[in-house]
Amino acid sequence: DTAVSQTPKYLVTQMGNDKSIKCEQNLGHDTMYWYKQDSKKFLKIMFSYNNKELIINETVPNRFSPKSPDKAHLNLHINSLELGDSAVYFCASSLSDRQSYEQYFGPGTRLTVT
Amino acid sequence: AQSVTQLDSHVSVSEGTPVLLRCNYSSSYSPSLFWYVQHPNKGLQLLLKYTSAATLVKGINGFEAEFKKSETSFHLTKPSAHMSDAAEYFCVVRPPGAGSYQLTFGKGTKLSVIP
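The residue numbering used here restarts from 1 in each chain and proceeds along that chain's sequence as written. All chains are assigned letters beginning at A, and all ligands numbers beginning at 1, according to the order in which they are written. Given that the model is predicted, a residue must reach a pLDDT of at least 70 before its local features are reported, and side-chain atom pairs must reach 80 or more before they are shown or counted; all residues, however, enter totals for whole chains, interfaces and linings. Calculation of side-chain values draws on the structure's entire complement of heavy atoms; hydrogens and water are dropped beforehand.

## A few points about the overall build of chain A
We count it as follows: Numbering goes from the N terminus for both helices and strands, where a helix is a DSSP run of H or I of at least four residues and a strand is a run of E of at least two. In this description the radius of gyration comes from C-alpha coordinates, and the expected globular size is given by 2.2 Å times residues to the power 0.38. Working definition: with a 1.4 Å probe on protein chains only, accessible area under 20% of the residue-type maximum means buried, over 50% means exposed, and in between means partly exposed. Residues are treated as being in contact if the distance between any of their heavy atoms lies within 4.5 Å. Under the convention used here, a 1.4 Å probe and the Shrake-Rupley method define accessible areas, while residue burial counts only the protein chains that appear. Lys and Arg are tallied as positive, Asp and Glu as negative. Neither His nor the chain termini are counted. Taken as the charge centre is NZ of Lys, CZ of Arg, CG of Asp or CD of Glu, depending on the residue.
When helices and strands are counted, chain A shows zero helices and eleven strands. The N-to-C order of helical and strand elements in chain A reads β-β-β-β-β-β-β-β-β-β-β. Against the compact-globule benchmark of 13 Å for 114 residues, chain A has a radius of gyration of 13 Å, which places it among compact chains. Along the longest, intermediate and shortest principal axes, the C-alpha atoms of chain A span 40 × 30 × 25 Å. Sorting the 114 residues of chain A into buried and exposed places 45% on the buried side. The contacts in chain A between residues at least 6 apart in sequence include a share of 54% that link residues at least 24 apart. Per element, the accessible surface of chain A, about 5,600 Å² overall, is 47% carbon and sulfur. On chain A, the mean spot of the 13 positive side-chain charges and the mean spot of the 12 negative ones are 6 Å from each other.

Right under this line is the structure:
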């Protein structure tokens, strides 16, 4: 059973387009995250939602808009795509009530903007 | 504020020899520490975690790490490298307390295993 799943796995699109990446977790977690991994493998958090409420919103262009329809889903919509948005985007989830709980990551979505 | 430094961007070992991946952290309080592994074109998988219990932590695939507060280190080791260990490894710190959501990732160490 897939714990954290993302669709699509690969996304190739042109500059200026709008695209969405979907994430679902079946772990019963209450917190979900989006990370961006650049070409040098550096991971940086973009957003986090706890019980459908936005709790982390790092310095990210407002072309990026997360949406959490329920605790098991966190989608990422990107408007007016730019070349610099090319990266691998990871979704993750965790429980919030204990410090010991680790984050579980999805397989990633490789976004290529041409 | 917290930070984590992985001291080597690339480590190369021969198959069957020990592995040492170094990580130092900076945190105002006792944090939780994690090591994640990322195989090529894959997501991140948790190897092990430290959460203020035993200072020597055992993880999956024969890896272990020792938390040394005096040295602010959390180095990852394995007695004998296998070809399948070739991957990118990330040391991660999380601030203490329930409800602390934000992980800080190191820049990663690429482990190469030579046959």
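## Quick notes on the layout of surface pockets
We apply this condition: Lining residues are those with an atom within 4 Å of a point, where the points come from a 1 Å grid over the protein atoms alone and group into cavities, where a 1.4 Å probe fits but cannot get out, or pockets, open sets with protein on both sides within 12 Å along at least five of seven lines. Grid points are joined across faces, edges and corners, and a volume is the space filled by probe spheres set on the points. Following the grouping adopted for this structure description, the nonpolar residues are Ala, Val, Leu, Ile, Met, Phe, Trp, Tyr, Cys and Pro, the charged ones are Asp, Glu, Lys and Arg, and the polar ones are all others, Gly among them.
Quantified by volume, the largest pocket comes out at close to 280 Å³. If you trace the largest pocket, you find 18 residues lining it, with Gln37, Lys41, Val88 and Arg110 of chain A together with Asn41 of chain B closest to the centre. Elements represented by at least two residues in the lining of the largest pocket include exactly strand E9 (87-94) and strand E11 (109-113) of chain A. Residue composition of the lining of the largest pocket, grouped by class: six nonpolar, seven polar and five charged.

## Describing the state of the cysteines
We apply this condition: Put simply, a disulfide is two cysteine sulfurs that come within 2.5 Å.
A full pass over the atoms with the stated rule returns two disulfides over all chains. One disulfide bridge connects Cys23 of chain A with Cys91 of chain A, the sulfur atoms lying 1.8 Å from each other. Disulfide Cys23 of chain A to Cys91 of chain A: torsion about the S-S bond roughly -75°, handedness left-handed. Of this pair, Cys23 of chain A sits in strand E3 (residues 19-25) while Cys91 of chain A sits in strand E9; the two residues are 68 residues apart in sequence, bridging distant segments of the chain. Cys23 of chain A gets classed as buried once you look at its relative accessible area, which sits at 1%. For Cys91 of chain A, a relative accessible area of 0% corresponds to the buried category. Note on cysteine connectivity: Cys23 of chain B is disulfide-linked to Cys91 of chain B, with sulfurs 2.0 Å apart. What sets the handedness of the Cys23 of chain B and Cys91 of chain B disulfide is the S-S torsion sign, and at about -70° it is left-handed.

## A closer look at the nonpolar core
Note the following rule: Only buried Ala, Val, Leu, Ile, Met, Phe, Trp, Tyr and Cys residues count toward a nonpolar core, and they belong to the same one when joined by side-chain atoms within 4.5 Å.
Trp35, Leu48, Leu76 and Tyr89 of chain B are the most contacted members of the largest nonpolar core, which has 26 residues in total. Of all the elements, strand E10 (residues 87-94) of chain B adds the most residues to this core, at four residues. Apart from the residues within four sequence positions on either side, Tyr89 of chain B is in contact with Gln6, Leu21, Trp35, Tyr36, Val37, Leu47, Phe63, Leu76, Gly108, Thr109 and Leu111 of chain B. Of all hydrophobic cores here, the second largest spans 19 residues; its members include Val4, Met32, Met46 and Phe47 of chain A.

## Details of the side chain of Thr31 of chain A
Quick note on the threshold: Here a polar contact is recorded for every N or O atom pair within 3.5 Å, except that within protein the pair must consist of a potential hydrogen donor and a potential acceptor, and residues adjacent in sequence are included only if both atoms are side-chain atoms.
Locating Thr31 of chain A in the fold gives a position in strand E4 (residues 31-37). One polar contact links Thr31 of chain A to Asn50 of chain A, side chain to side chain, over a distance of 2.8 Å.

## Side note on the sheet that holds E3 of chain A
Residues and elements named next belong to chain A. Which entries qualify depends on this criterion: Note on pairing: two strands pair once DSSP finds at least 2 bridges between them. All axes are obtained by fitting lines to C-alpha atoms, using only the stretch in contact for helices, and the reported angles, taken between N-to-C directions, cover 0 to 180 degrees.
Taken in spatial order, the four strands of this open sheet run E1-E3-E8-E7, and their pairing is antiparallel. Each edge of the open sheet is held by one strand with a lone partner, namely strand E1 (4-7) and strand E7 (64-70). Strand-to-strand twist in this sheet, taken as the mean axis angle between neighbours without regard to direction, amounts to 20°. Here four bridges tie E1 to E3, and the two strands are oriented antiparallel to one another. The residue bridging Gln6 from the neighbouring strand is Cys23, located in E3.

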